[in-house]
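Here is how the chains run, residue by residue.
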Amino acid sequence: MTTRALKGPFDYRLPESMNVEVGSILVVPFGRQRLLGVVVGTAEKSAISPDRLVEPVKALEAGVRPELVELGLAVAREYASTPARGLQLVLPPGIGLGKGGRGRIKERMLLTARLNEAGERALDDQGIRLGARQRQILEALRENHRSVAELCRDLDVDHSSVRRLAERDLVALKSEAVRRRPSIHRVGALGRVESLTAEQKQALESIIAAMDGVQPERGEHSSLLLDGVTGSGKTEVYLRAAKAALDRGRSVIVLVPEIALTPQTVYRFQERFGDCVAVLHSKLGQGERYDEWQRLRRGEATICVGPRSAIFAPVASPGLIVLDEEHDSSYKQESDPRYDARRVAEMRAAQSGAVLVAGSATPRPESWHRLEKLRLPTRVDGRQLPSVEVLDMRESPAILHSETRRALSEVCSNKEKAVLLLNRRGWSSFLVCRSCGVVRRCRNCDVSLTLHRGNGADRIICHHCGYSEEAGRTCPGCGSASVARFGLGTERLEAELAAILDRLPIFRLDADTASSKDGVGRVLRKFDQAESALLLGTQMVAKGHDFPDVTLGVVLDADSSLMFPDFRSEERTFALISQLAGRSGRGPAGGKVLVQTMAPGAECIRCAAEHDSAKFLEAELKRRRELGYPPFSELARVVCHAESETLAQDAARTVAGDLSTGSLDVLGPAPLFRLRGRHRWQVMVKGKDREAVVDAVGAAVGALSKGRGYRKVSLSVDIDPQ
Ligand code: ADP
Ligand code: ZN
Ligand code: ZN
């Protein structure tokens with residue numbers, strides 16, 4: 001029951017025999033179907049008369065913690081979603097709400113065999129008749145008991161022989177649960193840390209003081225910002241803070257942006273804390289995820305590391321919640337409920353009296369403004385941050401500035417490593433006919449198609465819906481063979497660089513090379529192991545990788561992210577450049593960074609070059625205050641999608657009209673580009689009070705989805721859009 005119209009909760013009559021509490025998961029009749037439901041409350045009486053109420057079919061074994069039921073419902077409210085969708089966030093993995101529990105994941109059971117006393121006697125007593133095979137099986141089991149499958153494989157016997165021994169009571173068969181373990185890869189440097197730097201020590205002490213000062217029963221909590229430059233040893237602070245929480249009998253949640261891109265954090269936690277660390281993420285097999293969830297639920301694992309969804313980990317009483325790389329956009333979920341794990345982390349911390357530690361080298365303006373700051377201003381080894389040079393590309397027609405060329409060939413001759421960022425994948429991002437001017441566009445979306453030349457066949461692909469067609473040699477409009485390619489992408493850059501740097505291996509990391517299972521890990525490991533190499537790619541290369549032998553970082557088209565009409569463009573550009581700079585010069589050879597741009601004067605680029613996040617953030621906050629953007633206001637966005645352009649626009653007008661009656665600022669309706677064959681119109685709302693914004697949006701959207709004329713319109717609601 002996940003459609004917006006179905007709100008719930010629904011009442012059921014409980015039989016005496018059924019033991020049910022908040023969080024229990026029930027199979028319930030719903031119309032003619034059977035669905036799964038979560039108990040959100042129990043009561044003596046219902047407004048519906050008892051003879052009209054039906055009973056649940058049964059209760060499932062593992063339920064949800066009551067405080068997580070509360071959190072799921074609160075998230076649904078906070079993000080103007082439905083209770084069912086909110087509760088889905090906190091359910092055990094693989095439970096398949098809505099399918100009546102069919103296809104549900106269970107524990108993996110293994111049949112094991114053990115020698116009975118009678119079996120022991122049979123081996124010693126000549127009076128009992130045993131075939132040679134049977135004797136062999138019993139002898140193997142006398143050594144140690146083991147799974148039947150293994151036994152059969154090792155001795156090359158079949159199941160029925162073991163079963164017959166069991167029927168004669170010589171062998172006991174038992175079904176036991178076995179744990180499916182996620183595999184871990186070792187990545188990057190893993191320095192032993194003997195003692196903390198003075199700054200780390202001070203940060204840790206503040207976190208522990210907050211932990212001890214907090215009284216969970218009063219619902220107090222504190223949120224701290226660990227503002228530490230790249231390589232300042234933030235992870236070591238998280239690790240020791242986690243230890244302190246465990247020592248106090250509390251559990252720990254560690255959120256990381258994306259496991260594939262930040263495997264080091266997971267690895268360090270597992271290396272330090274062993275089996276009490278569980279990981280939860282979507283790349284795990286269903287069975288692994290189920291087992292990890294159960295280990296957390298039962299308290300066998302007390303530290304959960306994972307991406308945004310791990311904020312709903314079923315641990316008891318978290319005392320510390322870490323948000324690593326808190327600026328990362330992956331903390332926002334882009335489907336309903338469009339929750340922000342950073343905000344949910346605060347909700348959960350408040351609920352359990354936990355300390356929240358958000359860490360980053362490039363904190364968000366919101367966090368800088370609101371949280372208490374702990375600073376780690378220098379790298380642990382006392383090394384300088386790399387020098388950053390901004391290269392003005394307005395006069396340069398070439399892809400690479402002459403400085404960049406020189407630096408790359410130095411890397412080549414000194415046998416060093418470089419990381420190069422170009423935030424655009426493919427070969428070129430649009431094709432234009434030189435005679436008739438036609439641009440090749442997607443048939444489902446109003447965007448240009450990107451040329452990809454991989455594997456010989458030239459194809460043009462839509463990066464929004466995946467539509468693709470053969471590029472062909474001529475313009476489909478006029479037949480001209482003269483087609484221009486614009487917008488340099490990573491694929492073409494790789495080819496161009498391979499021609500210049502013939503002795504340097506190049507590894508490309510973007511959505512295309514990372515799509516296979518463990519694709520990212522493979523590329524990163526190869527780069528790590530190479531003696532000298534270039535890692536080239538989209539923003540993926542700027543994440544928290546720690547490769548000590550990188551001496552050069554390069555950003556191409558640094559201002560491309562500034563061209564989006566979005567108030568967060570400056571913040572994103574600043575973070576991207578600073579994070580890329582953070583990959584360089586982490587080892588004894590030092591490092592430098594080159595930033596190619598058409599906008600060398602932009603404040604965010606200048607501040608990134610000076611490594612001055614405080615200056616950038618203060619300027620950015622001033623600008624936001626003047627324009628009334630977050631954190632000085634609350635924003636929400638409603639997008640109306642429909643096949644018919646007028647219908648989408650009409651719906652958006654209705655929503656805007658509904659919203660305009662209160663004290664809120666309404667911006668729009670404004671068109672967005674057509675996506676997957678659907679026209680889109682959006683309305684933005686700005687207000688001082690979050691609850692007022694959420695309530696107004698919820699009401700407007702609720703009214704529209706009931707309206708008969710708008711059945712063919714779908715709505716997406718985004719509170720605090722990113
Ligand atoms: P950050 O997360 O701030 O970028 P890391 O936690 O990755 O920094 O630390 C960078 C490197 O420094 C890691 O290899 C880590 O093991 C090492 N390190 C951290 N703290 C210390 C310390 N106090 N002494 C020596 N090395 C340290
Ligand atoms: Zn043409
Ligand atoms: Zn498309």
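Predicted model, so just to flag it, every value in this text is computed and none were measured.

Engineer: Would you mind going over the pattern of salt bridges with me for this structure?
Structural biologist: Side-chain pairs of opposite charge can arise where the charged atoms are in close proximity. Within this structure, the stated rule accounts for 43 salt bridges. In this structure, Arg 624 engages Glu 571 in a salt bridge whose closest nitrogen and oxygen atoms are separated by 2.6 Å. Residue Arg 624 is found in helix 18 (residues 613-627), and its partner Glu 571 is found in helix 16 (residues 569-581); the two are separated by 53 residues along the sequence. Between Asp 650 and Arg 653 there is a salt bridge, and its shortest N-O distance comes to 3.5 Å. Of the two residues, Asp 650 and Arg 653 both sit in helix 19 (residues 645-660), 3 residues apart, roughly one turn of that helix. In this structure, a network of salt bridges that share partners links the residues Glu 366, Arg 568, Glu 570, Glu 571, Glu 620, Arg 623, Arg 624 and Asp 720.

Engineer: Looking at this structure, how should I read the coordination of the zinc ion (ligand 2)?
Structural biologist: Four donors placed tetrahedrally around a metal ideally meet at 109.5 degrees, and six donors placed octahedrally ideally meet at 90 or 180 degrees. Every protein donor of the zinc ion (ligand 2) is accounted for by Cys 433 (SG), Cys 436 (SG), Cys 475 (SG) and Cys 478 (SG), and the metal-donor separations fall at 2.2 to 2.4 Å. Taken together, the 4 donor atoms surrounding the zinc ion (ligand 2) define angles of 104 to 114 degrees at the centre, an arrangement classified as tetrahedral. In this structure Cys 478 comes out as partly exposed when scored by relative accessible area, which is 40%.

Engineer: Teacher, can you tell me more about the sheet that holds strand 27 (residues 678-687) here?
Structural biologist: What the 4 strands build is an open sheet, ordered 26-27-25-28; its pairing is antiparallel. Two strands bound the open sheet, and with one partner strand each, they are strand 26 (665-675) and strand 28 (714-719). Neighbour to neighbour, the strand axes of the sheet diverge by 20 degrees on average, direction disregarded. Relative to strand 27, strand 26 is paired through 7 bridges, and the arrangement is antiparallel. Bridge pairing links Asp 665 to Lys 686 in strand 27. Contacts from helix 20 (residues 690-706) reach strand 25 (634-642), strand 27 and strand 28 within the one sheet, and its direction differs from that of strand 28 by about 175 degrees.

Engineer: How should the pairing of strand 16 (residues 428-433) be read in this particular structure?
Structural biologist: Side-chain positions along a regular strand alternate between the two faces of the sheet. Of all 6 residues in strand 16, 5 are buried; the element is thus mostly enclosed. Where strand 16 and strand 20 (residues 483-488) come together, 5 bridges link them in antiparallel fashion. By the bridge assignment, Phe 430 is partnered in strand 20 with Phe 486.

Engineer: In this structure, what is going on with the packing of helix 4 (residues 132-143) against helix 6 (residues 159-167)? I would like to understand it.
Structural biologist: Packed helices, taken two at a time, are described by the angle between their axes plus the distance between the axes. The N-to-C vectors of helix 4 and helix 6 enclose an angle of 80 degrees; their axes lie 11 Å apart at closest approach. Relative to helix 6, the element helix 4 lies roughly perpendicular. Facing Gln 134, Ile 137 and Leu 138 of helix 4, the residues of helix 6 in contact are Ser 161, Val 162 and Leu 165. Taken together, the residues that form the contact of helix 4 with helix 6 break down as 4 nonpolar, 2 polar and no charged.

Engineer: Looking at this structure, how should I read the environment of Leu 255?
Structural biologist: Among the secondary structure elements, Leu 255 is positioned in strand 8 (residues 251-255). Residue Leu 255 is classed as buried on the basis of its relative accessible area, which comes to 0%. For Leu 255 and Gly 477, which are 222 residues apart along the polypeptide, the C-alpha to C-alpha distance reads 50 Å.

The rules we used
Residues numbered from 1 in each chain as written. Chains lettered and ligands numbered in written order. Predicted model: local features only at pLDDT ≥ 70, side-chain atom pairs only at ≥ 80, totals over all residues. Heavy atoms only, no water. Salt bridge = Lys/Arg side-chain N within 4 Å of Asp/Glu carboxyl O. Helix = DSSP H or I, 4+ residues; strand = E, 2+ residues; numbered from the N terminus. Donors = N, O, S within 2.8 Å, 3.2 Å for Na, K, Ca; no water. Tetrahedral: all angles 85-135°; square planar, octahedral: opposite > 155°, others 65-115°. Buried < 20%, exposed > 50% of the residue type's maximum accessible area, 1.4 Å probe, protein only. Pairing = 2+ DSSP bridges. Axes fitted to C-alpha atoms, helices over the stretch in contact; angles between N-to-C directions. Contact = heavy atoms within 4.5 Å. Parallel < 35°, antiparallel > 145°, perpendicular 65-115°, else oblique. Nonpolar A, V, L, I, M, F, W, Y, C, P; charged D, E, K, R; others polar.

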